[in-house]
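What follows is the residue order along each chain.
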Amino acid sequence: MAPLSNASKNVFRVAARGEVILDNPRWNKGTGFTHQERKDFGLTGRLPHRVNTLDDQVSRAYDQLQSHETPLRKNSFLQSLKEQNWVLYYSLIQRYLRELMPIVYTPTEADAIANYSHLFRRSEGLYLTFDDRDTMEEDFLEQVKGRSIDLIVVSDAEAILGIGDQGVGISTAKSVIYTVIAGIDPSKSLAITLDVGTNNEELLNDRLYVGWPHKRVRGQAYDDFVDKFVQLVRKHLPHCLLHFEDFGVTNAQRLLELYRDKHAVFNDDVQGTGAVTLAAVMSAIGVTKSKLAEQRFIIYGAGSAGLGIAHQLRDGIVELDGVPAAQANSQFYLIDKFGLIKNSLGDDKIRPSLRDFVRADAEWEGVPTDGNGGVSLLEVVKKVRPTVLIGTSTHPGAFTEDVIKEMAKGCDRPIILPLSNPSRLVEVDPALANEWTAGKALLATGSPFPPAKTPGGKDYIIAECNNALIYPGLGFGAILARSRILTDTMILAGTQRLASLSPALKDPDAALLPDFGDAPEVNFEVAVAVAEQAIKEGSADVDWDDKTVREKAREMQWLPIYGEYVYDKDGEA
Ligand SMILES: NC(=O)c1ccc[n+]([C@@H]2O[C@H](COP(=O)([O-])OP(=O)(O)OC[C@H]3O[C@@H](n4cnc5c(N)ncnc54)[C@H](O)[C@@H]3O)[C@@H](O)[C@H]2O)c1
Ligand SMILES: O=C(O)C[C@H](O)C(=O)O
Ligand SMILES: [Mg+2]
């Protein structure tokens, strides 16, 4: 994103002085403070003489970053930089976005979160712990009072990416992406951890674990705790977007349903993943010149992401191709640990939210099963001849050569999306899927992978079908429109905008989705589409005189450039 100069927006009246301003990452400029500011803020003797430009500082930080050898060490270095100076941190990431996304986000974030307690240096965001539930409102207000907060990213860390229960850690990485890609002002976003304990024995037995060393709280006590939190948000921050991240499969969809008509809530794993996957499939069927309604989908791993994808694709078929929901449902085959989701699995293995997609047993008579009556992925592929195969199972290598080759027998251009993160959990390495289909597969993955080769020997860019390609824009759109709810139609509008920007629409050998290097521009478009839809359907709460949505969006974006500071003892601290 090209930094825009907006001088009037960039003058701040600041009350912090001396060491305090240097210690505050929001205000700190390090050697970037001008001589005048040094005088006004008591910094002349606290800084070496020379004033550096932001460009100089970015070059220095980039060189320092290079001296760290592993991605995890680079991640730690960047984390420290974030604790020191936001403008420098975000400017560095924005400038080297493609290179640094995999360091601050997937796949490295998985290692950073798994090692959170051992790498811990400084607290960040708000920790609401079950043990301190009686003081939740005071703790919440301690951070919220007097601030205008547009965005909360909250996690109870039960299902972090594909690495499971990690106690504390994801919400800050997701918040960073909102700022880098959508321009959400970091001083207006808050990352919250709901610490309800962990069932991860390794963490529980680790004396350095920084979270609450207790088994996860479940049932009514958990629901009451989450509800208390949501009601605080509704009461104190009625216009704030509430983004849920990496909740466990028993809670993700349920909490979304519970609150989505009462507040602007968004579940990234369910809705963000559904949206980016629908965009990838729309792009792929542009290449195969077919319709959504003509696809047969297998979704392997029917958890939060798998079900969110099924719903979003189904709704896409209904809305875009005008097919009745029941007919659209019949295009889906969901598979989980016990094989194909079919009636005889019984209620204990089929969550109520999967009901729309349960297959009738009669369809599967005569199909070989395992000892427990389960139908395997390979058998489902043989019978169904899917055109689209999606992986959200956390089961690495599940899409074997047999499975992929069998699929390729049944359609000319198989659409294969192994989406599990981080990279080591991918259902099939895209290079192998490409090789086993002689370059015919249309591919996208959840984490970044190197390009494969087309049959003609060109590079085939593996699109990154990660919710980060769309959630910043979806969220920004809702914030921009000050929408009190985030509707399916707003999400669909953003998804269609993303799909329309796919490189494969112009060149069938190109990637199915835009590159992450273009994510800021792409998400700007997504946000505009979402806000326009919110205004159209009446869920927006804005009065912008004669400004267009686009102008308003540009005006609202936070940019990593230094503002000018004027000392004012009654100013912002
Ligand atoms: N690309 C993206 O944007 C994106 C977004 C969300 C989630 N994901 C990834 O998808 C994966 C699942 O995430 P989730 O939030 O849905 O987790 P989840 O725990 O809700 O779902 C995982 C599901 O897979 C099933 N499963 C586990 N092992 C299996 C096996 N061997 N065969 C078939 N099914 C199996 C589980 O029973 C569960 O239902 C993770 O790796 C996550 O990183 C990717
Ligand atoms: O965090 C990511 O990389 C995407 C997604 O939300 C996930 O849970 O895997
Ligand atoms: Mg997630």
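Parameters at a glance
Along each chain, residue indices are assigned from 1 in the same order as the chain's sequence is written. To label them, take the chains in the order written and letter them from A, then take the ligands in the order written and number them from 1. It should be noted that, the model being predicted, local features are given only for residues of pLDDT at least 70 and side-chain atom pairs only at 80 or more, the latter also being counted only at that level, while totals for whole chains, interfaces and linings use all residues. Calculated side-chain values reflect all of the structure's heavy atoms, with hydrogen atoms and water omitted. One heavy atom within 4 Å of a molecule or strand is enough for the residue carrying it to be called near that molecule or strand. Distance and chemistry together define a polar contact, namely a pair of N or O atoms within 3.5 Å, with one atom able to donate a hydrogen and the other to accept it when in protein, and with adjacent residues in sequence counting only for side-chain atoms on both sides. Areas reported here follow the Shrake-Rupley algorithm with a probe of radius 1.4 Å; residue values treat only the protein chains shown as occluding. Each helix corresponds to a stretch of at least 4 residues labelled H or I by DSSP, and each strand to a stretch of at least 2 residues labelled E; elements are numbered beginning at the N terminus. Under the grouping applied here, Gly and all other residues not named as nonpolar or charged are polar, the nonpolar ones being Ala, Val, Leu, Ile, Met, Phe, Trp, Tyr, Cys and Pro and the charged ones Asp, Glu, Lys and Arg. How far each domain reaches was decided by an automatic or database domain assignment. A 1.4 Å probe defines the accessible area here, and the buried area is the portion of it lost by two parts on being joined, summed over both. Here, a salt bridge means any Lys or Arg side-chain nitrogen found within 4 Å of an Asp or Glu carboxyl oxygen. A strand pair is defined by DSSP finding two or more bridges across the two strands. Each axis is a line fitted through C-alpha atoms, and for a helix only the stretch in contact is used; angles between axes span 0 to 180 degrees, taken between their N-to-C directions. Contacts between residues were defined by any pair of non-hydrogen atoms, one from each residue, lying within 4.5 Å. Angle categories: roughly parallel below 35 degrees, roughly antiparallel above 145, roughly perpendicular from 65 to 115, and oblique for all the rest. The hand of a helix crossing depends on one turn: near helix anticlockwise from the far one by less than a right angle means left-handed, and clockwise means right-handed.

1. A few points about the site of ligand 1
Step number 1: Taken together, the neighbourhood of ligand 1 is formed by 24 residues, with Tyr300, Ser304, Ala305, Asp336 and Asn467 sitting nearest.
Step number 2: At 3.4 Å, a backbone N or O of Gly303 approaches an oxygen atom of ligand 1.
Step number 3: Within the side chain of His395, an N or O atom sits 3.1 Å from a nitrogen atom of ligand 1.
Step number 4: Surface burial for ligand 1 is 87%, taken as the share of its 850 Å² of free accessible area covered by protein chains.
Step number 5: Breaking the shell around ligand 1 down by element, the ones donating at least two residues are helix H14 (268-288) and helix H15 (304-321).
Step number 6: Here the residues of the shell around ligand 1 are counted per class, giving seven nonpolar, 14 polar and three charged.
Step number 7: Counting residues domain by domain, the shell around ligand 1 receives three or more from each of domain 1 (58-263) and domain 2 (271-468).

2. Thoughts on the domain arrangement of the protein chain
Step number 1: For the protein chain, the domain assignment lists domain 1 (58-263) and domain 2 (271-468).
Step number 2: For domain 1 and domain 2, the distance between their C-alpha centroids amounts to 30 Å.
Step number 3: For the pairing of domain 1 and domain 2, the buried interface totals around 1,200 Å² over both sides, and the portion due to carbon and sulfur atoms is 58%.
Step number 4: Contact with domain 2 buries surface across domain 1, with Thr106, Val249 and Gln253 losing the most and accounting together for 34% of the total.
Step number 5: Run the count over domain 1 and domain 2 and you get zero salt bridges.
Step number 6: Between domain 1 and domain 2 we count five residue pairs in polar contact (both at pLDDT 80 or more) in total.
Step number 7: Of all the elements in the fold, those that place two or more residues in the side of domain 1 that touches domain 2 are helix H6 (97-104), helix H7 (108-114), helix H10 (171-182) and helix H13 (252-259).

3. Quick notes on the sheet that holds strand E4 (residues 189-195)
Step number 1: Overall, parallel pairing links the five strands, which are arranged E2-E4-E3-E5-E6 in an open sheet. Every other strand in the sheet has two partners, leaving strand E2 (126-129) and strand E6 (265-267) as the edge strands with one partner each. Here the strands of the sheet are splayed against their neighbours by 25 degrees on average, with no regard to which way each runs.
Step number 2: Pairing analysis gives four bridges linking strand E3 (residues 151-155) to strand E5 (residues 241-244), with the strands arranged parallel. Within E5, the position partnered with Leu151 by the bridge is Leu241.
Step number 3: Across the sheet, helix H9 (residues 136-144) is in contact with E2, E3 and E4; its angle to E2 comes to roughly 175 degrees.

4. Quick notes on the site of ligand 2
Step number 1: Around ligand 2, the structure places Tyr105, Thr106, Glu109, Leu161, Lys174, Glu245, Asp246, Asp268, Asp269, Asn421, Asn466 and Asn467.
Step number 2: The contact in question runs from an oxygen atom of ligand 2 to an N or O atom on the side chain of Lys174, over 2.9 Å.
Step number 3: One nitrogen or oxygen atom from the side chain of Asn467 is found 3.0 Å from an oxygen atom belonging to ligand 2.
Step number 4: Starting from 260 Å² of accessible surface for ligand 2 in isolation, the protein chains cover 91%.
Step number 5: For the shell around ligand 2, the per-class residue count stands at two nonpolar, four polar and six charged.

5. Some points on the packing of H14 against H15
Step number 1: One way to put it is that H14 packs onto H15 with a least axis distance of 7 Å and a crossing angle of 50 degrees. Between H14 and H15, the angle falls in the class oblique. The handedness of the crossing between H14 and H15 comes out as right-handed. Contacts between H14 and H15 involve Asp269, Val270, Gln271, Thr273, Gly274, Ala275, Thr277, Leu278, Val281 and Met282 on the former and, on the latter, Ser304, Ala305, Gly308, Ile309, Gln312, Leu313, Gly316 and Leu320.
Step number 2: Tallied by class, the residues present in the contact of H14 with H15 amount to nine nonpolar, eight polar and one charged.

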